[in-house]
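The primary structure of each chain is shown beneath.
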Amino acid sequence: QVQLVESGGGLVQAGASLRLSCAASGRTFSAYAMGWFRQAPGKEREFVAAMTWSGNSRNYADSVKGRFTISRDTAKNTVYLRMNSLKPEDTAVYYCAAGAGAASQRGTQYPHWGQGTQVTVSS
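Rules used in this analysis
Residues numbered from 1 in each chain as written. Predicted model: local features only at pLDDT ≥ 70, side-chain atom pairs only at ≥ 80, totals over all residues. Heavy atoms only, no water. Pairing = 2+ DSSP bridges. Helix = DSSP H or I, 4+ residues; strand = E, 2+ residues; numbered from the N terminus. Axes fitted to C-alpha atoms, helices over the stretch in contact; angles between N-to-C directions. Salt bridge = Lys/Arg side-chain N within 4 Å of Asp/Glu carboxyl O. Buried < 20%, exposed > 50% of the residue type's maximum accessible area, 1.4 Å probe, protein only. Polar contact = N/O pair within 3.5 Å; in protein donor to acceptor, adjacent residues only side chain to side chain. Contact = heavy atoms within 4.5 Å.

**Student:** How would you summarise the sheet that holds strand β1 (residues 3-7) if you had to cite specific residues and measurements?
**Tutor:** Strands pair in a sheet through their backbones, by hydrogen bonds, and they do so in one of two ways: parallel or antiparallel. On the basis of which strands lie adjacent, the open sheet formed by four strands has the order β1-β3-β8-β7 and antiparallel pairing. At either end of the open sheet lies a strand with only one pairing partner, and these are β1 and β7 (68-73). Neighbouring strand axes in the sheet, compared pairwise and without regard to direction, differ in orientation by 20° on average. Taken together, the six bridges between strand β3 (residues 18-25) and strand β8 (residues 78-83) define a ladder with antiparallel strand orientation. Note that in β8 the partner of Leu18 across the bridge is Met83.

**Student:** Describe the pattern of salt bridges, and please don't skip the residues or the numbers.
**Tutor:** One pass over the structure, following the stated rule, counts four salt bridges. For the salt bridge of Asp90 with Arg38, the shortest nitrogen-to-oxygen distance reads 2.9 Å. Taken together, the residues span a long stretch of sequence, with Asp90 in the loop between β8 and β9 (92-99) and Arg38 in strand β4 (residues 33-39) at a distance of 52 residues. As far as burial versus exposure is concerned, Asp90 and Arg38 are alike and both buried. Here Asp62 and Lys65 are joined by a salt bridge, their closest N and O atoms 3.3 Å apart. No difference in accessibility class separates Asp62 from Lys65, as the two residues are exposed. Three or more residues joined by partner-sharing salt bridges are found here, namely Arg38, Glu46, Arg67 and Asp90.

**Student:** Now, about the side chain of Ser104: what can you tell me, with residues and values included?
**Tutor:** Along the chain, Ser104 falls in the loop between β9 and β10 (112-113). Within polar-contact distance, the side chain of Ser104 engages the backbone nitrogen of Arg106 at 2.9 Å. Setting aside anything within four residues of it in sequence, one finds Ser104 in contact with Phe37, Phe47, Ala50, Gln109 and Tyr110.

Rendered as structure tokens:
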């Protein structure tokens, strides 16, 4: 149905910045919410950030508020996660998600998921 492909992950040192991209295809996303989640080894998946495609609503986890910014390019059907001041605890596989609803923190609200992109932050 909807296909999501993440990119932009990599290995960086603490304090560096990365921008993750999530390219969507298969349909227009005007009525969708887009989310970013992450999962570190041995830990449960956690919410990072979300926004409605319209841009009217944004939602951030407390752990990334002030450091990460979610945005989208409507012409490219692409959602971005700009990550500044990265910390070792940000190390995880980052997943893009999409669903026809609000910018929820609950992963179950997003039926469409990408394959993930690895972000590793060294100290």
